[in-house]
Amino acid sequence: MPKREDLKSILIIGSGPIIIGQACEFDYSGSQALRSLREDGIETILINSNPATIMTDPSMADHVYLKPLNTKSIIEILKKHPNIDAVLPTMGGQTALNLCIEADEKGIWEDFGIEIIGVDIDAINITEDREKFRELMTEIGVPMAPQATATSFLKGKEIAQEFGFPLVIRASFTLGGAGASIVYDPKDFDKLLSHGLEVSPIHEVMIDKAMMGWKEYELELLRDKNDNVVIICTIENMDPMGIHTGDSITVAPAMTLSDRTFQRMRDMAIHMMRSIGDFAGGCNVQFAVSPDEEEEIIAIEINPRVSRSSALASKATGYPIAKVAAKLAMGYTLDELQNQITKSTSALFEPTLDYVIVKIPRWNFDKFEGSDRTLGLQMKAVGEVMGIGRSFQEALHKATQSLEIKRNGLGADGKGLKDYDTIIQKLTVPSWDRVFVLYDAIQLGISLKTIHDITKIDMWFLKQYEELHLLEKEISKYTIASLPKSLLLEAKQKGFADRQIAHMLDCWESEVHKKREEYDITRVYKLVDTCAAEFKAVTPYYYSTFEEQIQSADGKKYVANDSEVTDRKKIVVLGSGPNRIGQGIEFDYCCVHGVLASAECGYETIMINCNPETVSTDFDTADKLYFEPVFWEHIYDIILHEKPEGVIVQLGGQTALKLAEKLERYGVKIIGTSFESLDLAEDRGSFSTLLKDNNIPYPKFGTAESADEALELAEQLGFPLLVRPSYVLGGQGMKIVINKEDLEAHVVDLLRKIPNNKLLLDHYLDGAIEAEADAICDGEDVYIIGIMEHIEPCGIHSGDSNATLPPFNLGEFVIQQIKDHTKKIALALNTVGLINIQFAVKDDTVYIIEANPRASRTVPFIAKAYKEPYVNYATKVMLGEKKIKDFNFNPQLEGYAIKQPVFSFNKFPNVNKNLGPEMKSTGESILFIDSLKDDEFYNLYSRRKMYLSK
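Reading the values: rules and limits
- Residues numbered from 1 in each chain as written.
- Predicted model: local features only at pLDDT ≥ 70, side-chain atom pairs only at ≥ 80, totals over all residues.
- Heavy atoms only, no water.
- Helix = DSSP H or I, 4+ residues; strand = E, 2+ residues; numbered from the N terminus.
- Buried < 20%, exposed > 50% of the residue type's maximum accessible area, 1.4 Å probe, protein only.
- Contact = heavy atoms within 4.5 Å.
- Areas by Shrake-Rupley, 256 points an atom, 1.4 Å probe, with all protein chains shown as cover.
- Lys, Arg positive; Asp, Glu negative; His and termini not counted.
- Charge placed at Lys NZ, Arg CZ, Asp CG, Glu CD.
- Phe/Tyr/Trp six-rings, centres within 6.5 Å; stacked < 30°, edge-to-face > 60°.
- Pairing = 2+ DSSP bridges.
- Axes fitted to C-alpha atoms, helices over the stretch in contact; angles between N-to-C directions.
- Left-handed = near helix turned anticlockwise from the far one by under 90°.

A. Summary view of the overall build of the protein. Helix and strand content of the protein: 31 helices and 35 strands. Projected onto its principal axes, the C-alpha positions of the protein cover 80 × 75 × 60 Å. For the protein, with 950 residues in total, the buried portion stands at 64%. Within the protein, contacts between residues at least 6 apart in sequence are counted, and of these 71% link residues at least 24 apart. Carbon and sulfur atoms make up 49% of the accessible area of the protein, which totals about 34600 Å². Taking the average place of the 102 positive charges on the side chains of the protein and the average place of its 141 negative ones, the gap between the two points comes to 2 Å.

B. Broad picture of the packing of aromatic side chains. For the structure on display, the rule yields 22 aromatic pairs. Ring geometry for Phe887 and Phe889: centres 5.8 Å apart, planes at 55°, overall tilted. Across the pair, Phe889 and Phe887 agree in class, each one buried. Arranged with centres 5.9 Å apart and planes meeting at 15°, the rings of Phe937 and Tyr941 form a pair that is stacked. Here Phe937 and its partner Tyr941 are both found in helix H31 (residues 935-942), four residues apart, which amounts to about one turn of the helix. Among the aromatic residues, those joined into a cluster by ring pairs are Tyr783, Tyr870, Tyr873, Phe887 and Phe889.

C. Looking closely at the environment of Leu222. Structurally, the position occupied by Leu222 is in strand S10 (residues 215-223). Given a relative accessible area of 0%, Leu222 falls into the buried group. For the pair Leu222 and Gln443, spaced 221 residues apart in sequence, the C-alpha separation works out to 43 Å.

D. The pairing of strand S15 (residues 356-362), seen in detail. Of all seven residues in S15, seven are buried, a share of seventy percent or more. Bridging between strand S12 (residues 250-252) and S15 involves three bridges; their strand directions are antiparallel. Its bridge partner lying in S15, Ala252 is registered against Ile357. Sheet analysis places S15 next to strand S16 (residues 383-389), joined by seven bridges and oriented antiparallel. Opposite Arg362, over in S16, you have Gly383 as the bridge partner.

E. Fine view of the sheet that holds strand S32 (residues 833-842). Strand order in this open sheet of seven strands is S33-S32-S29-S30-S31-S34-S35, and the pairing throughout is antiparallel. For this open sheet the edge positions go to strand S33 (845-852) and strand S35 (923-929), each flanked by a neighbour on one side alone. With strand direction ignored, the average angle separating the axes of adjacent strands in the sheet is 25°. In this structure, strand S29 (residues 769-777) lies alongside S32, joined through nine bridges in antiparallel fashion. From the neighbouring strand, Glu772 faces S32, where its bridge partner is Gln838.

F. Broad picture of the sheet that holds strand S24 (residues 646-648). Spatially, the six strands line up as an open sheet ordered S17-S18-S23-S22-S21-S24, and their pairing is mixed. Looking at which strands have only one partner, the edges of the open sheet turn out to be strand S17 (524-527) and S24. The average undirected angle you get between the axes of adjacent strands in this sheet is 30°. Pairing analysis gives two bridges linking strand S18 (residues 541-545) to strand S23 (residues 624-627), with the strands arranged parallel. In the strand pairing of S23, Tyr541 is matched with Leu625. Of the strands in this sheet, strand S21 (570-574), strand S22 (604-609) and S24 are in contact with helix H20 (residues 585-600), which crosses S22 at around 160°.

G. View of the packing of helix H3 (residues 93-105) against helix H5 (residues 121-128). Running from amino to carboxyl end, H3 crosses H5 at an angle of 115°, the nearest separation of the two axes being 11 Å. H3 and H5 meet at a crossing whose hand is left-handed. Where H3 abuts H5, its residues Gln94, Leu97, Cys100, Ile101 and Asp104 lie against Ile121, Ile124, Asn125 and Glu128.

Written out as structure tokens, the structure is:
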């Protein structure tokens, strides 16, 4: 039975701004679903308020509404499009589901004759209402932890008395574990119970007996209307129960599960999915398993939508869950759909993995001073990375190398902890760096049994860690000259980076690379093919590994490499790695458009990135995808293999930019603005000389490398001062200081965190208005794509400010200065591509705060507001294919667009919420207003000096 012919027009609800617990994995699933529906000629209407996503690009849907996600917007859209037949709410996370339920309760879908597809309301209600879910599980014979529901404080106290401690409190209808906590101590119970009841929109909590130390698993399922069910992926959490899955290190396939228990778990998951409702779509089921011979299974929860884990499972298996889920919602059955990777098997064919996946979350606790850095049931991670390897050890190393936290992998970088008490404390109370602390503990000689007793992490994982430690010890006995080939190959197969091996041997990284070449130990690339190479894959999606040489019958030695190099001219686009505050989905948007524009210019496109949540790592975005760490050694090996014309670094944020110097040194061509110009803009001294030569005003400044130098400088510059380290993104470590004590304390702290850094001290222009401009430059002409004025005063990071496009309060004289300065700076820096410049306006003089000759956070926002593909144009300029004068710029915006920051402070209740020069927002939404008399603008403007967010 093919798709339903009665569905001609479908509304998709997006997930809105990025918050902790709901990141860009829903941009990925939404983008896939839109493409999937359009392939079948369905008219697509999208509502989403996030301007930074690919999903809200005009090319993605037939009609895109960048509106607030509320029922008022839904009604407006339904009135405008009376032909909409159905709504698909499963692609936009909890936000979309909640909005769908609200619209259902208000009778909106019924009034307009709209069908809900991909899920049914009863299924959402059963799975979200923990009491109903427990009753259903009891009815179908699926065991759960002893638990009871409380809708009042008194009832909660009664349950606690009955169960005893430790207990788990979970709030109903919340996202990312909001309102959930583990209570070990009865004295904390009252406060945590009140918090859970308050956070739940229906003021209900479920109180469970805590299954501490049990192992946790997730299964990703798809079901069609004929009740065919496939299990796409089984994911095991390395961290046992008690840590939110979004904050856990997860591994696929499951490593420590007996086959008998795995089969029981599969049957239970399928039984659960069938029992919650009769719908076609995706589902995520979570289980806990007792860590003994019995392997008892209990159900934790089921989500009837695509989830964070579905994005991970899609990238882990190469099976595009959201794309297929959208087709199933339209009425297709699994056996009618093709496997997108092999194109010769059906989508009913379950993926098989002949490699291992490790996902590690990425946290940003340094942005929230005083935050509780321990991990628990409330998710705190802002992003994640994924490593693919032939073994768990290789994948684990690749994931740790992808995190971008100045570590080279596990151990062997001189940064491990050596204090026994600190290590024991960090193991006892799960912390963000636990993945490294386990290695430090083994290195210190703490027994595996002790580590297991404290952490309850399965012994299999700990033994894998121990093997790595023993290998490091063995290698350390040698020098680079005497290291045998077999040991070097083993180290590479287990994921150790050249840098780590150099640390063990006390030599240079380049010497290890040379030794590898001597021994002919080279990276080979393998396909992610969904079927363990049983069928030929046609999709070029690769990961790297190291293999023993094979000898053919005629005596030739070789290693099998799946990545064949074509003779087409190629461009590499470096991705932006894991999401974090200051570098989010905006840069992924830019990378995807860079890839598409390069393809339009006839290049073979190669994407390198390690973020499983993004559209850039979709298997059909670029001609070739290398799912690898954005880490020098991996990138250089791909470049040696592919021999591209050049590398685009200015679209992937600070991640890609930081690699520009190395690329330059190794003679790799940087496409667009040269390394010299990128470096000049970062080096405050040289940049100020450039401004001085061009008669452009800038705040008085100086550089210091010690506290003494900083205090001396302060005498000349005068307080208040803005202090910041060089080469950082998102205002990391920036602070305004008002006296010598503050200055000394901050400088000492910065130099401890970032040794040998050059600190910049600027005289802070108190009370100035802040503005910024984005432009494209081709080396001869400059086109300003947008000038924005910030509603908040100067001193609040631009990413945390409400930015208004076009400016609302700057006179012609000031705007002319901004235009003149932007053009002069772009040309003086020899910019080829994008540039973002930030200004402070005081007494009608425009001062330069900084210039960044790269894609910025605001480029997608301007592109959406003006309905122009600016990244596409900028990429063509970078490639030298087009000049500014070749484009017919036609920006369209009536009224104003405001970029509004969104914060996730609710995850960090005791944190100082004041805003300042260090960025704290996790996402953004766009608001269109017709005039400055709009109430929303008036509210924003009247609160601009509060320095506080909601």
